[in-house]
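Structural overview for review
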Amino acid sequence: MSTASAYLTVSGIDVDVIYKNIKNLHIAVYPPLGRVRVAAPERLDDDAIRLAVVQRLPWIKRQREQLRSAVRQTEREMVTGESHYVWGQRYRLKVVNEPGRIRFDITGKRLTIHAPDDSTPDNRRAALDEWYRASLKHEIPELIAKWQPIIGRDVAKWTVRRMKTKWGSCNRESAHIWFNLELGKKHPNCLEYIVVHEMAHLLERNHNERFTELMDGFLPDWRARRDELNAAPLAEEIWGMK
């Protein structure tokens, strides 16, 4: 898979740029969060690419909204047979009705939800979100502690929340980092990539050449990790019943 040659931000949208031996520039928007990738002729500079992206912004924003709508349309019903992802692995959901609080456990390739008979899909989805949140809160502190001495900056505060278009976000002034709740579904390497990416923003605000050099120094395989993160399936499947 090709990896980006440059990494730009245009009107708040992150753009991966791949320089190729081609005549014309091509812009594409990819699931699940609307990542924008530009295939550009080698003769073009960053300013020319930024201008091309700006000119296509209405189309790019429409594509990103369509992707978000598709995600909403595939909302889980939380019934036996659905597939769910936990740390990059796909599990088949089994619903066990029993009294008490909603809880989850994993055995083999099965994710079991123990829930009262009268629990609703909304109740179960909310419980699953909290389960993902707890998993992330268990992993993130260790990663931050690992990378603080390497990057040379401390994280003052971090928060897990649902985010529509970003895997993470950073406020350089307050050293506060936000992590997307959806990261609990991705491979742990993806979470570490986001930790390093957002902490690198404590040193450099923009997605410029210095930022790319910082990422290359801290995490040489960051492009592969980013591609793995962004290659997540858009649609959720219902597994065949047996």
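Here goes a summary of the coordinates provided. On a predicted model such as this, the values are computed, not experimentally measured, just so you know. (Residues numbered from 1 in each chain as written. Predicted model: local features only at pLDDT ≥ 70, side-chain atom pairs only at ≥ 80, totals over all residues. Heavy atoms only, no water.)

1. Considerations on the overall build of the protein
- Along its length, the protein carries six helices and 11 strands.
- Along the longest, intermediate and shortest principal axes, the C-alpha atoms of the protein span 65 × 40 × 30 Å.
- A total of 242 residues make up the protein; the buried ones form 46% of that total.
- Pairs at least 24 apart in sequence give 49% of the contacts found in the protein among residues at least 6 apart.
- Put simply, the protein shows about 12,600 Å² of open surface, and 50% of that area lies on carbon and sulfur atoms. (Helix = DSSP H or I, 4+ residues; strand = E, 2+ residues; numbered from the N terminus. Buried < 20%, exposed > 50% of the residue type's maximum accessible area, 1.4 Å probe, protein only. Contact = heavy atoms within 4.5 Å. Areas by Shrake-Rupley, 256 points an atom, 1.4 Å probe, with all protein chains shown as cover.)

2. So, the pattern of salt bridges
- Under the definition given, this model contains 17 salt bridges.
- The partner of Arg-205 in a salt bridge is Glu-173, and the shortest N-O contact between them spans 2.9 Å. Highlighted residues: Arg-205 in the loop between helix 4 (188-200) and helix 5 (209-218) and Glu-173 in the loop between strand 10 (168-171) and strand 11 (176-180), separated in sequence by 32 residues.
- For Arg-205, a relative accessible area of 47% translates into the label partly exposed.
- We note a salt bridge from Asp-216 to Arg-223, for which the minimum N-O separation is 2.7 Å.
- Its relative accessible area of 30% is what places Asp-216 among the partly exposed residues.
- Given a relative accessible area of 16%, Arg-223 falls into the buried group.
- Each of Asp-16, Arg-35, Arg-37, Arg-226 and Asp-227 takes part in a single network of salt bridges with overlapping partners. (Salt bridge = Lys/Arg side-chain N within 4 Å of Asp/Glu carboxyl O.)

3. Concerning helix 1 (residues 46-55)
- Residues Ile-49, Ala-52 and Val-53 constitute the buried set of helix 1. Seen end-on, helix 1 carries its buried residues on one side only, within an arc spanning 100°. Opposite the buried face of helix 1, by more than 90 degrees, sit the exposed residues Asp-47 and Gln-55. (Arc of directions from axis to C-beta.)

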